[in-house]
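# Inside the fold
What follows is the residue order along each chain.
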Amino acid sequence: MKIAFSEIPGSGARYRINEQPAFPDQDVCLKRPVTGSLTIHLSSEHHALLTGEIATRISRVCDRCCRTFGLDLQVDFTYECIVGEDPSPNHTEVEVEDEACNRLYVNEPVIELTEILQEQIYLALPAQILCESSCKGLCPRC
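Residues numbered from 1 in each chain as written. Predicted model: local features only at pLDDT ≥ 70, side-chain atom pairs only at ≥ 80, totals over all residues. Heavy atoms only, no water.

When helices and strands are tallied, the protein shows one helix and seven strands. Along the chain direction, N to C, the helices and strands of the protein fall in the order β-β-β-β-β-β-β-α. Going through the 142 residues of the protein one by one, you find that 36% of them count as buried. Look at the contacts in the protein between residues 6 or more apart in sequence, and 60% of them connect residues 24 or more apart. For the protein, the exposed area adds up to about 9200 Å²; of that, 48% sits on carbon and sulfur atoms. (Helix = DSSP H or I, 4+ residues; strand = E, 2+ residues; numbered from the N terminus. Buried < 20%, exposed > 50% of the residue type's maximum accessible area, 1.4 Å probe, protein only. Contact = heavy atoms within 4.5 Å. Areas by Shrake-Rupley, 256 points an atom, 1.4 Å probe, with all protein chains shown as cover.)

The following block contains the structure:
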């Protein structure tokens, strides 16, 4: 789903989400569509503020026992969408400020929601995925 800046009224717009975005790898298998809502407000013709909340259920394999189970994900996010190129240098290592992590630079005044939904789902995945906190894993003695 794409939203052009020109389609956003001056008072802002609210969108309902009910999508089944495709993921480029087998790492994420959606068990139910991504649902939620987005609010977009234009600050200028080249700057928009996007806030949203999404929820979904994915199929995952437990890191301890290797059992497949459903994992519920719920995410709140905010992006500052700016038309233009990222002014930060690409070739050197720099420390990034927290605010810069929420900036999305786009080449044209269009927001591609599918990419944002994919990114938010990846970011919501925990570092260690367990079917339950008390999972004892595969060890027969535990």
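Let us now look at the sheet that holds strand β2 (residues 13–19). The strand order across the open sheet built from five strands is β2-β3-β4-β5-β6, with neighbouring strands paired in mixed fashion. Only two strands of the sheet have a single partner each, and these edge strands are β2 and β6 (103–106). Recorded for the sheet is a direction-independent mean angle of 25° between the axes of neighbouring strands. Where strand β3 (residues 29–44) lies against strand β4 (residues 47–61), twelve bridges are found, and the strand directions are antiparallel. Residue pairing in the sheet places L42 in a bridge with A48 of β4. (Pairing = 2+ DSSP bridges. Axes fitted to C-alpha atoms, helices over the stretch in contact; angles between N-to-C directions.)

Moving on to the pattern of salt bridges. Once their charged atoms are close, side chains differing in charge can pair, the charge on each being opposite to the other. Summed over all chains, the structure comprises three salt bridges. One salt bridge connects R32 with D72, and the closest N-O pair in it is separated by 2.8 Å. With a gap of 40 residues between them, R32 in strand β3 and D72 in strand β5 (residues 68–83) connect regions that are remote in the sequence. Given the relative accessible area of 40%, R32 is considered partly exposed. A salt bridge links D72 to R57; the nearest nitrogen and oxygen atoms lie 2.9 Å apart. Of this pair, D72 sits in strand β5 while R57 sits in strand β4, placing them 15 residues apart in sequence. Of the residues examined, R57 reaches a relative accessible area of 30% and is grouped as partly exposed. (Salt bridge = Lys/Arg side-chain N within 4 Å of Asp/Glu carboxyl O.)

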